[in-house]
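# Structure at a glance
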Amino acid sequence: MTPFDLAVRNATYRAFVDLGRAPTIHDVADRTNAAPDVVADAWRRLHDGHALVLDQEGAILMANPFSAVETPHRVDAAGRSWFGNCGWDAFGIGSALHVDSTIHTTCADCSESIDLDVRNGLPTDQEAVFHVLVPAHEWWNDIRFT
């Protein structure tokens, strides 16, 4: 990755937060004063380096912890609703924004609704259990499934 790639990554994340949605190539091109094809090339390198995830068309799918698409892990934080890519990322949204959050998700085993308040970086329900089905060293084998 180049310094420009890192600048594009930072602009992409800032735009995601500012816009409340995944930015387009044109959104980031405007913020970096770069041509859209140059941003697309940077996004591809960032994707290859696991710094973000693109869909088949080259648009942002994931800018961890944020998901560009609806998932079972909705997070209320900073006056907006966001989607985390997984339960782990749902905790990361409030942390990334430096705010308290509420996670709305479901149990992967029984489909029961789960609502967790996160205050000062910690869930208020100290009895909650978080289980990751895929070992961390295997996440990028199929990040969309993980």
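Now for a description of the structure that goes with this document. Small disclaimer: the values here were computed from a predicted structure and weren't measured.

### Considering the sheet that holds strand β8 (residues 122-123)
Taken in spatial order, the five strands make up an open sheet running β5-β4-β6-β7-β8, and their pairing is antiparallel. Each of the sheet's edge strands pairs with one partner strand only, and the pair in question is β5 (80-83) and β8. As defined by bridge partners, strand β6 (residues 101-106) adjoins strand β7 (residues 113-119) across six bridges and the pair is classed as antiparallel. Residue T105 lies in a different strand from β7, and its bridge partner there is I114. On the sheet, helix α4 (residues 87-97) packs against β4 (74-77), β5, β6, β7 and β8 and is oriented at approximately 20 degrees with respect to β4.

### As for the packing of aromatic side chains
Applying the stated criterion across every chain yields a total of three aromatic pairs. Relative to F66, the ring of F16 lies with its centre 5.2 Å away and its plane at 25 degrees, an arrangement referred to as stacked. With F16 in helix α1 (residues 3-19) and F66 in strand β3 (residues 66-67), this pair connects stretches of sequence that are 50 residues apart. Neither F16 nor F66 differs from the other in exposure class; each is buried. On the basis of an interplanar angle of 55 degrees and a centroid distance of 5.0 Å, the ring pair of F66 and W82 is categorised as tilted. Placement of F66 in strand β3 and of W82 in strand β5 is noted, with a sequence separation of 16 residues between them.

### With respect to the sheet that holds strand β1 (residues 53-54)
Read across the sheet, three strands follow the order β1-β2-β3 without closing on themselves; strand pairing throughout is antiparallel. The open sheet terminates on both sides in strands that have one partner only, identified here as β1 and β3. Two strands pair when backbone bridges link them, and strand β2 (residues 60-63) and β3 are joined in this way by two bridges, in the antiparallel orientation. Considered in β3, the bridge of A63 is made with F66. Running over the sheet, α1 touches β2 and β3 and is turned about 95 degrees from β2.

### Focus on the nonpolar core
The biggest cluster of nonpolar side chains holds 27 residues, and the ones touching the most others in it are V8, F16, V39, W43, I60, W82 and I93. Counting only elements with at least two residues in this core, the list comes to α1, α2 (25-32), α3 (36-48), β2, β4, α4 and β7. The residues touching V39, leaving out its near neighbours within four places in the chain, are V8, I25, V28, A29, T32 and A34.

### Some details on unusual backbone geometry
For the bond running from N64 to P65, omega is 15 degrees, close enough to zero to count as cis. Tracing the backbone through its elements, the reader meets P65 in the loop between β2 and β3. We note that N33 has phi near 55 degrees; this positive angle belongs to a residue other than glycine. Along the chain, N33 turns up in the loop between α2 and α3.

Calculation rules
Residues numbered from 1 in each chain as written. Predicted model: local features only at pLDDT ≥ 70, side-chain atom pairs only at ≥ 80, totals over all residues. Heavy atoms only, no water. Pairing = 2+ DSSP bridges. Helix = DSSP H or I, 4+ residues; strand = E, 2+ residues; numbered from the N terminus. Contact = heavy atoms within 4.5 Å. Axes fitted to C-alpha atoms, helices over the stretch in contact; angles between N-to-C directions. Phe/Tyr/Trp six-rings, centres within 6.5 Å; stacked < 30°, edge-to-face > 60°. Buried < 20%, exposed > 50% of the residue type's maximum accessible area, 1.4 Å probe, protein only. Core = buried A, V, L, I, M, F, W, Y, C linked by side-chain atoms within 4.5 Å.

Geometric descriptors of this kind do not, in isolation, establish any biological role.
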